[in-house]
Amino acid sequence: MAEITQYCTFWVAQLFLGIDVHAVQEVMRPLEMTPVPLSSTSVVGLINLRGQIVTAVDMRSRLGLPPRAADQELMNVVMRTDDGAVSLVVDEIGDVIEVTDETFERVPDTLQGEARALIKGVYKLNDQLLLILDGARVAQPETSLAAA
């Protein structure tokens, strides 16, 4: 019997991405962010989330994609990590979807570098591919991915 897994999905540029729904704390509209001097280029700031200070990571920057337009609205996917909550700043929220392991493929060996370090695998959906992110790695923008 095929195992079913749920993913919180979202878009960054043209990419349809997902992270394990159990790692997601909440999804929110944009909040005021305080810039952090000398931080990684992927860190867009800190968010005061009901008294909890959360690092916000811009997924466009993290994935090496061009920046979003200044007037484009963004969303926050707040996920839990071993080091605390981290907000992934994304373009648009999708749904929570269920997929079976029968449609899962590991990242091809031909995919190298940072993309390979951040993407755990791919689900073949009816009309598109769902790229599954490694939440722990995505949440650590200062980590060098060259050795991954």
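Refer to the structure presented above.
Attention in this report is confined to the structure presented alongside it. (Residues numbered from 1 in each chain as written. Predicted model: local features only at pLDDT ≥ 70, side-chain atom pairs only at ≥ 80, totals over all residues. Heavy atoms only, no water.)

### Focus on the overall build of the protein chain
Right, so step 1: Of the regular secondary structure elements, the protein chain holds three helices and twelve strands.
Right, so step 2: Since a compact globule built from 148 residues should have a radius of gyration of about 15 Å, the 15 Å found for the protein chain is in line with a globular shape.
Right, so step 3: By its C-alpha atoms, the protein chain is 45 × 30 × 30 Å across when sized along the principal axes.
Right, so step 4: Going through the 148 residues of the protein chain one by one, you find that 41% of them count as buried.
Right, so step 5: Across the protein chain, contacts joining residues at least 24 apart in sequence account for 55% of those joining residues at least 6 apart.
Right, so step 6: Entry remark: accessible area of the protein chain is about 8600 Å², with carbon and sulfur atoms responsible for 51%. (Helix = DSSP H or I, 4+ residues; strand = E, 2+ residues; numbered from the N terminus. Rg over C-alpha atoms; globule rule 2.2 N^0.38 Å. Buried < 20%, exposed > 50% of the residue type's maximum accessible area, 1.4 Å probe, protein only. Contact = heavy atoms within 4.5 Å. Areas by Shrake-Rupley, 256 points an atom, 1.4 Å probe, with all protein chains shown as cover.)

### Thoughts on the sheet that holds strand 12 (residues 129–133)
Right, so step 1: Read from one edge of the open sheet, six strands run 9-1-2-12-11-10, paired in mixed fashion. This sheet does not close on itself; its edge strands, each paired only once, are strand 9 (92–100) and strand 10 (104–106). With direction set aside, neighbouring strand axes in the sheet form an average angle of 35°.
Right, so step 2: Here two bridges tie strand 2 (residues 15–20) to strand 12, and the two strands are oriented parallel to one another. Following the sheet pairing, Gly-18 is matched in strand 12 by Ile-132. (Pairing = 2+ DSSP bridges. Axes fitted to C-alpha atoms, helices over the stretch in contact; angles between N-to-C directions.)

### Regarding a nonpolar patch on the surface
Right, so step 1: Taken together, the side chains of Val-36, Leu-46 and Ile-53 make up a nonpolar region of the molecular surface, amounting to roughly 220 Å² of accessible area.
Right, so step 2: Inspection of the secondary structure assignment puts Ile-53 in strand 6 (residues 52–58). (Patch = residues over 30% accessible without salt bridge, like charges linked within 9 Å, V, L, I, M, F, W, Y side chains within 5 Å. Salt bridge = Lys/Arg side-chain N within 4 Å of Asp/Glu carboxyl O.)

### Some points on unusual backbone geometry
Right, so step 1: With phi around 55°, Ala-13 is a residue other than glycine that occupies positive phi space.
Right, so step 2: Relative to the helices and strands, Ala-13 is located in the loop between strand 1 (4–12) and strand 2.
Right, so step 3: Positioned with a positive phi, Leu-38 is a non-glycine residue whose angle comes to about 65°.
Right, so step 4: Looking at where Leu-38 falls in the secondary structure, it is placed in the loop between strand 4 (33–34) and strand 5 (43–49).
Right, so step 5: We classify Leu-38 as exposed; its relative accessible area is 90%.

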